[in-house]
Amino acid sequence: MKKMIAGVVVAASCAAGFAQAAEPVEVEKGKVAVIYFSWSPDGNTRFAAETIAKKAAADIFEIKAQTPYSANYRACCDEANPECYGKKLRPIMPIKGLDVGKYDVVFVGTPNWWGTMAPPVRTWVTENASALKGKHVAIFQTHGGGGMQRVGKEFAELLPGSRLLSPKAFPGSSVRSAGKALEAFVAERVSVK
Ligand SMILES: Cc1cc2nc3c(=O)[nH]c(=O)nc-3n(C[C@H](O)[C@H](O)[C@H](O)COP(=O)(O)O)c2cc1C
């Protein structure tokens, strides 16, 4: 049984460009993947990704830049600024064992960098846009106070052929106490059978 849609239609309270999707999507166990990038030593997006993967019984994969960003916050911000505003693609490492075609629903997580996704995430999404065609994609991000900003809109630009579920932003500093909100984020988007 492929993607079956449960009857509840959730009005997409999301960024412009997102089609209204029927949520939660009914999906078989083993058909959900979580892909994420995380940079800070706190690993806010990693924590969100791991919590989401557990709740969705999903396989989880990390995106890594071929050339890592500076470990210094200021230097990383300076390095990322022109890439983020210029929508540049930073080369990434191959992700071992990931076959996007296997999955029906893919959660993609990024920290909010300069109001948008981190460049390695832009690279992964760009490289996988055709593999993600027709699939449900759920975006989540962690941020330092800016909220969703341009993240949802710019994902939608990159994935015109995907069925985008409503995205959600989680404050990075409190993500470790947001377990219930992360689980609700999953439950509102997928029903794993
Ligand atoms: C290069 C850089 C740019 C950032 N830009 C923003 C921003 O524009 N808006 C925002 O709310 N937070 C911004 N942040 C904060 C991160 O989004 C936030 O700390 C996030 O939770 C970090 O996730 P991580 O621990 O997975 O790396 C930025 C952080 C970095 C390193």
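Residues numbered from 1 in each chain as written. Predicted model: local features only at pLDDT ≥ 70, side-chain atom pairs only at ≥ 80, totals over all residues.

Undergrad: Looking at this structure, how should I read helix H2 (residues 73–85)?
TA: With 13 residues, H2 should reach 18 Å at 1.5 Å per residue; the first-to-last C-alpha distance of 18 Å fits that figure. Where H2 bends most, at Glu79, the angle is about 30°, and the proline Pro82 comes one to four residues later. Looking one or two residues beyond H2, the residue adopting positive phi is Lys87, at roughly 55°. (Helix = DSSP H or I, 4+ residues; strand = E, 2+ residues; numbered from the N terminus. Expected span 1.5 Å × (residues − 1). Bend = angle between axes of the 7 residues up to and from the residue.)

Undergrad: Quick question: what am I supposed to make of the site of the ligand here?
TA: As a matter of local geometry, the ligand sits amid 23 residues, with Thr45, Pro111, Gly144, Gly146 and Gly172 nearest to it. It is H2 that contributes the most residues to the shell around the ligand, 4 residues altogether. Taken together, the residues of the shell around the ligand break down into 8 nonpolar, 13 polar and 2 charged. (Near = placed C-beta within 6 Å. Nonpolar A, V, L, I, M, F, W, Y, C, P; charged D, E, K, R; others polar.)

Undergrad: How do you make sense of the confidence of the model for the protein chain when you look at a structure like this?
TA: As a general rule, the predicted coordinates of low-pLDDT regions are not to be interpreted in detail. Summarising the model, the protein chain shows a mean pLDDT of 91, and 89% of its residues fall at 70 or more. Here residues 1–17 is a poorly scored stretch, pLDDT under 50, and it has 37 contacts once near neighbours within four places are set aside; other chains count. (pLDDT = per-residue confidence, 0-100. Contact = placed C-beta atoms within 7 Å.)

Undergrad: What should I look at first to understand the pairing of strand E8 (residues 163–171) in this one?
TA: For a regular strand, side-chain orientation follows a simple rule: the groups alternate between the two sheet faces. Within E8, 7 of the 9 residues are buried, leaving the element largely enclosed by the surrounding structure. Relative to E8, strand E7 (residues 136–143) runs parallel, the two being bridged by 7 bridges. Bridge assignment links Gln141 to a residue of E8, and that residue is Ala169. Read as a crossover between parallel neighbours, the route from E7 over helix H4 (residues 151–158) to E8 is right-handed. (Buried ≥ 20, exposed ≤ 12 C-beta atoms within 10 Å, placed from the backbone. Pairing = 2+ DSSP bridges. Right-handed = clockwise from strand over helix to strand, strands pointing away.)

Undergrad: Help me understand the nonpolar core in this model?
TA: Among soluble globular proteins, nonpolar side chains are generally buried collectively. Counting residues in each nonpolar core, the largest one holds 48 residues, and the members touching the most others are Val34, Ile52, Val106 and Val137. Sorting elements by how many residues they give to this core places helix H1 (residues 44–56) first, with 6 residues. If near-sequence neighbours (up to four positions away) are discounted, Ile52 is found in contact with Val34, Phe107, Phe140, Leu182, Phe185 and Val186. (Core = buried A, V, L, I, M, F, W, Y, C linked by C-beta atoms within 7 Å.)

Undergrad: Looking at this structure, how should I read the environment of Ala56?
TA: Mapped onto the fold, Ala56 is located in helix H1. The spatial distance from the C-alpha of Ala56 to the C-alpha of Ala187 is 8.0 Å, given a sequence separation of 131 residues. In this structure, Ala56 is in contact with Val32, Val186, Val190 and Val192, ignoring residues within four places of it in sequence.

Undergrad: Hey, could you run me through the environment of Ala156 in this one?
TA: With respect to the helices and strands, the residue Ala156 is situated in helix H4. Classification of Ala156 as buried rests on a count of 20 C-beta atoms within 10 Å. Distance from Ala156 to Ile139, taken between C-alpha atoms, is 9.8 Å for residues 17 residues apart in sequence.

Undergrad: Help me out: how do you make sense of the environment of Val32 in this one?
TA: Among the structural elements, Val32 can be located in strand E3 (residues 32–36). Taking the C-alpha atoms as reference points, Val32 and Ala56, 24 residues apart in sequence, are found 7.0 Å from one another. Each residue touching Val32, except ones within four places of it in the same chain, is listed here: Val27, Ala56, Ala57, Ala58, Tyr103, Val105, Val190 and Val192.

Undergrad: How should I be thinking about the pairing of strand E5 (residues 105–113) in this particular structure?
TA: Of all 9 residues that make up E5, 9 are buried, and the element is covered over most of its length. Pairing of E3 with E5, which is carried by 5 bridges, proceeds in the parallel orientation. Across the sheet, residue Val32 finds its bridge partner in E5, namely Val105. Where E5 and E7 come together, 7 bridges link them in parallel fashion. Bridge pairing links Val105 to His136 in E7.

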